[in-house]
Amino acid sequence: MIKLTHVSHVFAGRQGEVHALDDITLEVRRNELVTLVGRSGCGKSTMLRMVAGLLRPSSGTVTVAGEPVGKPRQDVSFMFQRAALLPWRTVLDNVLLPVEILRLDRAAKRRRAHELLELVGLAGFEKRLPHELSGGMQQRASLCRSLIQDPLVLLMDEPFSALDALTREELSIELQRIRMEQEMTIIFVTHSIEEAVLLADRVAVLSPRPGRLRKIVDVDIPRPRTLGRNAYADRVAEVSAELHELLMPAPIASEGAV
Amino acid sequence: MTAARRSGSRVARRLVDWGLPVLGLAALVALWWLATIVFSIEKFLVPAPDDVVEAFIGQAGFLMEQTWVTLLETVQGFAVAVVVGIPTAMAIASSRLLEKMIYPLLLAVNAVPKIAIAPILVVWMGFGPVPKIVMVFLLCFFPIVISTATGLKSTPAELTELVRSYDASRLQVFFKVRFPYALPQVMVGLKTAISLAVIGAVIAEFVGADAGLGFVIVQSGASADTPLAFAAMALLGVISIVLFYGLNALEKVILPWAEENR
Ligand SMILES: Nc1ncnc2c1ncn2[C@@H]1O[C@H](COP(=O)(O)OP(=O)(O)O)[C@@H](O)[C@H]1O
Ligand SMILES: [Mg+2]
């Protein structure tokens, strides 16, 4: 569904060039959820922005559904770390923003918006303004907005990382539920190993800048997964440990307990 | 019970909101009154409050007419500044080239003391309302343009990125995001401008006018009718306050989200 082939990117920054990504080749299959982990600044956001058509790679090609990505596509939607809601719009109107800009069928989408809000537990908050909601609720509204165009591909850039741990877990579970209801191919960037393991079919680990694909780890743990005590706790711990070793530089890993 | 307590606290807050400024005003007037009596100041130097009230009542009709003249000049000049200023700010915010062209010019014009221009305006445009409107415009224009341009340029990156991800057109980006986002900042400019607007009208009236509160002040100064001058000044104060709080109220109605976001 998503294919990056020998993708590299160099930013022409103020203090010279920044080599952000180096020779990334990665294929994300249809309906797969790949989490992307790596140190901050290793080019994760850059990679998503390329798939979204917001940025052209310096070299290499990016395709979505077999077509090279030129400009933003309607069936690819983006969810950011910050909720990025328009403060003057109600929750419902925020969710319907893409419908207005993309000129989709309003009546049908309005119904869909109510469904989605219900699904994430925001029923009854349609007429509220964003500042009247908690951070978690804002991010839920933002999730609804990124789902309203029925995307084939959902790009999520650390969407839950500004939230407290419990809300984050709640939202991760909701995301799994939504995936069961609707087929979607997802790239999910996260800092959290827990989150990566909880959500992923595969975890792509990037090396520090310039970002190279260090390893792809398969997460063959049955769903639905939770972070609490469960039958697969051993397997979860094993995968987490592997990711931890890949992400932490060697000296620290040998010093402390992993 | 809780509801009663809540509404009680609301009444209390109202009392504080309105009561305190009124109390402050009353204290000031009392002090002023006391000073005129204790130091037995001459009426033509500093009139007592009751002299001012007397002057006001004695010429109420005349003063109202002059108030209307000044108010009209103020509002017209302000309106022209809004109508010209906001598009200018849009031009500045939308194009680097235009910004580089217009900005230095704007700064230079703003640096000229407006009082220096007032006599020239009279030479050019006579004693009618036009030079006053122009003066008001000149004072209002700058803060409106600066604030609006600042607001238009302060759209958070994530909102721009969001609408870009829908491949939105420039017009859509502008009307759906940038302009509404700038509105609170536009209001800041309007509020600064409206306070200057009244000053502009009075300056222009000082220099050459046959009507308006500024004209009344000049005239009563010449004839040592200080109580009348004070009455005119009080009316100028009232105009300023009414216009400013009018804008404030408008902001509360059309931008209910703004307070929580800034
Ligand atoms: N527009 C830009 N201009 C210059 N450098 C940039 C730009 N965007 C990102 N970078 C740099 O590229 C690197 C990767 O950034 P990013 O993809 O945001 O990292 P991540 O999301 O993994 O934290 C960083 O070092 C960052 O400073
Ligand atoms: Mg990032």
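All figures in this text were calculated on a predicted structure; none of them were measured in a lab.

Undergrad: Which parts of the structure should I look at to understand the domain arrangement of chain A?
TA: Size of an interface, as often reported, equals the accessible area lost when the parts are brought together. All names here are of chain A. For chain A, the assigned domains read domain 1 (1-75 + 153-162 + 180-250) and domain 2 (79-150). Its C-alpha centre places domain 1 at a distance of 25 Å from the equivalent point of domain 2. Contacts between the two partners involve 13 residues from domain 1 and, on the opposite side, 13 residues from domain 2. Approximately 1100 Å² of surface area, both sides summed, lies buried where domain 1 meets domain 2, with 52% of it carried by carbon and sulfur atoms.

Undergrad: It is not clear to me how the sheet that holds strand β2 (residues 16-28) of chain A should be interpreted in this structure. Could you clarify?
TA: Each strand in a sheet pairs with its neighbour through backbone hydrogen bonds, running either in the same direction (parallel) or in the opposite one (antiparallel). All names here are of chain A. The antiparallel open sheet is built from 4 strands, whose spatial order is β2-β1-β4-β5. Looking at the sheet topology across the chains shown, the edges are occupied by β2 and β5 (67-68). By the bridge criterion, 5 bridges tie strand β1 (residues 2-13) to strand β4 (residues 59-64) in an arrangement that is antiparallel. Paired with lysine 3 across the two strands is threonine 63, which belongs to β4. Sheet strands touched by helix α1 (residues 44-51): β1, β2 and β4. Its angle to β1, the strand with the most contacts, is close to 120 degrees.

Undergrad: What exactly am I supposed to notice about the pattern of salt bridges here?
TA: Residues and elements named next belong to chain A. For the coordinates displayed, the defined rule picks out 20 salt bridges over all chains. For the salt bridge of aspartate 75 with arginine 73, the shortest nitrogen-to-oxygen distance reads 2.9 Å. The residues aspartate 75 and arginine 73 share a single accessibility class, namely buried. Residue aspartate 150 is joined to lysine 109 by a salt bridge in which the shortest nitrogen-to-oxygen separation is 3.0 Å. You can see aspartate 150 sitting in the loop between α5 (135-147) and β7 (153-157) and its partner lysine 109 sitting in helix α4 (residues 106-119), a full 41 residues away along the chain. A single network of salt bridges, built from pairs that share partners, joins Lys109, Arg112, Glu115 and Asp150.

Undergrad: How should the nonpolar core be read in this particular structure?
TA: A general feature of soluble globular proteins is that nonpolar side chains tend to end up buried together. Judged by nonpolar contacts, the single largest core of 122 residues is most densely connected at A:Leu155 and A:Met156. Sort the elements by how many residues they give to this core and helix α8 (residues 170-207) of chain B lands first, with 14 residues. When neighbours within four sequence positions are excluded, A:Leu155 is seen to be in contact with A:Leu48, A:Val51, A:Ala52, A:Val76, A:Ser77, A:Phe78, A:Met79 and A:Ile187. Membership of the second largest hydrophobic core comes to 14 residues, among which are A:Val197, A:Val205, A:Leu243 and A:Leu246.

Each value, and the rule that gives it
- Position numbers for residues count from 1 along each chain, tracking the sequence in the order it is written.
- In the order they appear in the text, chains get letters beginning with A and ligands get numbers beginning with 1.
- The predicted nature of this model means local features are confined to residues of pLDDT at least 70 and side-chain atom pairs, given and counted, to a pLDDT of 80 or more, with totals for whole chains, interfaces and linings taken over all residues.
- For side-chain calculations, the full set of non-hydrogen atoms in the structure is used, while hydrogens and water are omitted.
- Where each domain begins and ends follows an automated or database-derived domain assignment.
- Contact criterion: two residues are considered in contact whenever any of their non-hydrogen atoms come within 4.5 Å of each other.
- In short, buried area is how much 1.4 Å probe accessible area vanishes from two parts on joining, totalled over both.
- Two strands pair if DSSP finds at least two bridges between them.
- Each helix is a run of H or I in the DSSP string that is no shorter than four residues. Each strand is a run of E no shorter than two, and both are numbered from the N terminus.
- Angular values range over 0 to 180 degrees, each being the angle between N-to-C directions of two axes fitted as lines to C-alpha atoms, with helices fitted over their stretch in contact.
- When a carboxyl oxygen of Asp or Glu lies within 4 Å of a side-chain nitrogen of Lys or Arg, that pair is called a salt bridge.
- Between buried and exposed lies partly exposed: a residue is buried under 20% and exposed over 50% of the maximum accessible area for its type, with that area taken using a 1.4 Å probe on protein chains only.
- Note on terminology: a nonpolar core comprises buried Ala, Val, Leu, Ile, Met, Phe, Trp, Tyr and Cys residues joined through side-chain atoms within 4.5 Å.

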